Amino acid sequence: MAVPVRVTGAWTQLLSDWLDVHQLAAPDLRLRLDSRRPDEPVAMLLWQQMLADAVKLVPHEAAPALQIGACAQPRHAGLLGYLSLASGTLAEALQAYQRYEHLLYGEQLVSVSLEDGILAMRWPASASTGALADSVAIAALWRMLRRLLPQARLHQVCFAFAADACQQQAAEAHFGCPVRYADNCTAVMLPATLLALPLAHTDLAMRALLEQQARALALALPVADALDRALQQALVRRLPEGEVGLARVAADLHLSVRSLQRRLQQRGLSWRLLLERTRQQLAQAYLADSALQLGEIALLLGYSEQSAFNRAWRQWTGTTPLQWRRRHAGLAALGIE
């Protein structure tokens, strides 16, 4: 999850529900959350920032990110959540997650293995979204597993980020199993004997319908290979730092400059075209978030001044960022995209 492309808009309602549970007003944060529609992708950078703002509201809680994840309901995962709920067994539910994970995060990241009676779901350390987002994601997965199968117990949980003894103690109490930090992957492990157990809410007719819808959605999503994802992740990370040169990004990917240029050429891209395309895609996502000021968006995209962003946006679209934002808001209010 080192910055998947995005999260589904339905996922942000999880944070809203947590605010309600704690009776936290947080008007600025709620405004950003309420501006997202369930079917609207949310850039991972924005999700991380909203989580950071949320946990600042409860500075004395030991594991706020785990508590946020513990609020997870099927509706927060959208179609994938309901598909899992309608599955016949836990094995079917986990298979559905593996097939359609990209509906939730925009990428297919999980690998599943069975070793010595233990089923392991693993996400590579290179795909970590950081302590907060990873903790929320795994706590939400555990909450969903318990909802599907109340008697479920975990064997072990692993995180790729480091933590202190207090955080580890809180995590082990939350998951009810050993938790390992600074690992080479993020992982959830559970006894394989649970896989064949029937689920309480099985609905085979509904499952078939949901599976059909999930396949249709999967076909509608653009396909990205490993290099495409790695490039996007590197650019998302480097742009706000203003360090987006070809040499730096090549180094991030452990490639020579010449090798990266060759691979871009194979895709019909130049470095300049890739940079502009990525900026435009991110700009559109950021402009859809009404809580972000235009100056903030310019900085997130690596522009030193808002005027430079304004010029670039006009070249891409023929309008100003403000005009596009107003039009987008008007169409969204009418339910049109």
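Not measured: the values here are computed from a predicted model.

Rules used in this analysis
Residues numbered from 1 in each chain as written. Predicted model: local features only at pLDDT ≥ 70, side-chain atom pairs only at ≥ 80, totals over all residues. Heavy atoms only, no water. Helix = DSSP H or I, 4+ residues; strand = E, 2+ residues; numbered from the N terminus. Polar contact = N/O pair within 3.5 Å; in protein donor to acceptor, adjacent residues only side chain to side chain. Contact = heavy atoms within 4.5 Å. Axes fitted to C-alpha atoms, helices over the stretch in contact; angles between N-to-C directions. Left-handed = near helix turned anticlockwise from the far one by under 90°. Nonpolar A, V, L, I, M, F, W, Y, C, P; charged D, E, K, R; others polar. pLDDT = per-residue confidence, 0-100. Buried < 20%, exposed > 50% of the residue type's maximum accessible area, 1.4 Å probe, protein only. Pairing = 2+ DSSP bridges.

1. Examining the side chain of His 76
Piece 1. Note on placement: His 76 falls in the loop between α4 (64–69) and α5 (79–86).
Piece 2. Within the structure, the side chain of His 76 is placed 3.4 Å from the side chain of Arg 75, a separation counted as a polar contact.
Piece 3. Not counting the four nearest positions on each side in its chain, His 76 is found in contact with Thr 8, Ala 10, Trp 11, Gln 13, Leu 14, Asp 17, Cys 71 and Leu 104.

2. Looking at the packing of helix α1 (residues 12–21) against helix α2 (residues 27–34)
Piece 1. Contact geometry for α1 and α2: axes closest at 9 Å, N-to-C directions at 145°. Considering the relative orientation of α1 and α2, their crossing is left-handed. In this structure, α1 contributes Thr 12, Leu 15, Ser 16, Leu 19 and Asp 20 to the contact, and α2 contributes Leu 29, Arg 30, Leu 33 and Asp 34.
Piece 2. Residue composition of the contact of α1 with α2, grouped by class: 4 nonpolar, 2 polar and 3 charged.

3. A look at the confidence of the model for the protein chain
The predicted coordinates should not be examined in detail at positions where pLDDT is low.
Piece 1. Per-residue pLDDT for the protein chain averages 85, and the proportion of residues at 70 or more is 91%.
Piece 2. Low pLDDT, under 50, characterises residues 331–337; the predicted model gives this stretch 5 contacts beyond four residues in sequence or across chains.

4. A look at the pairing of strand β4 (residues 118–124)
Piece 1. Burial analysis of β4 places 5 of its 7 residues in the buried class, the great majority of the element.
Piece 2. As paired elements, strand β3 (residues 111–115) and β4 share 5 bridges and run antiparallel to each other. Residue pairing in the sheet places Leu 114 in a bridge with Leu 119 of β4.
Piece 3. Taking the residues between adjacent antiparallel strands as the criterion, β3 and β4 are bridged by 2 residues, where Asp 116 takes a positive phi near 50°.
Piece 4. Sheet analysis places β4 next to strand β7 (residues 185–191), joined by 7 bridges and oriented antiparallel. Paired with Arg 122 across the bridge in β7 is Ala 187.

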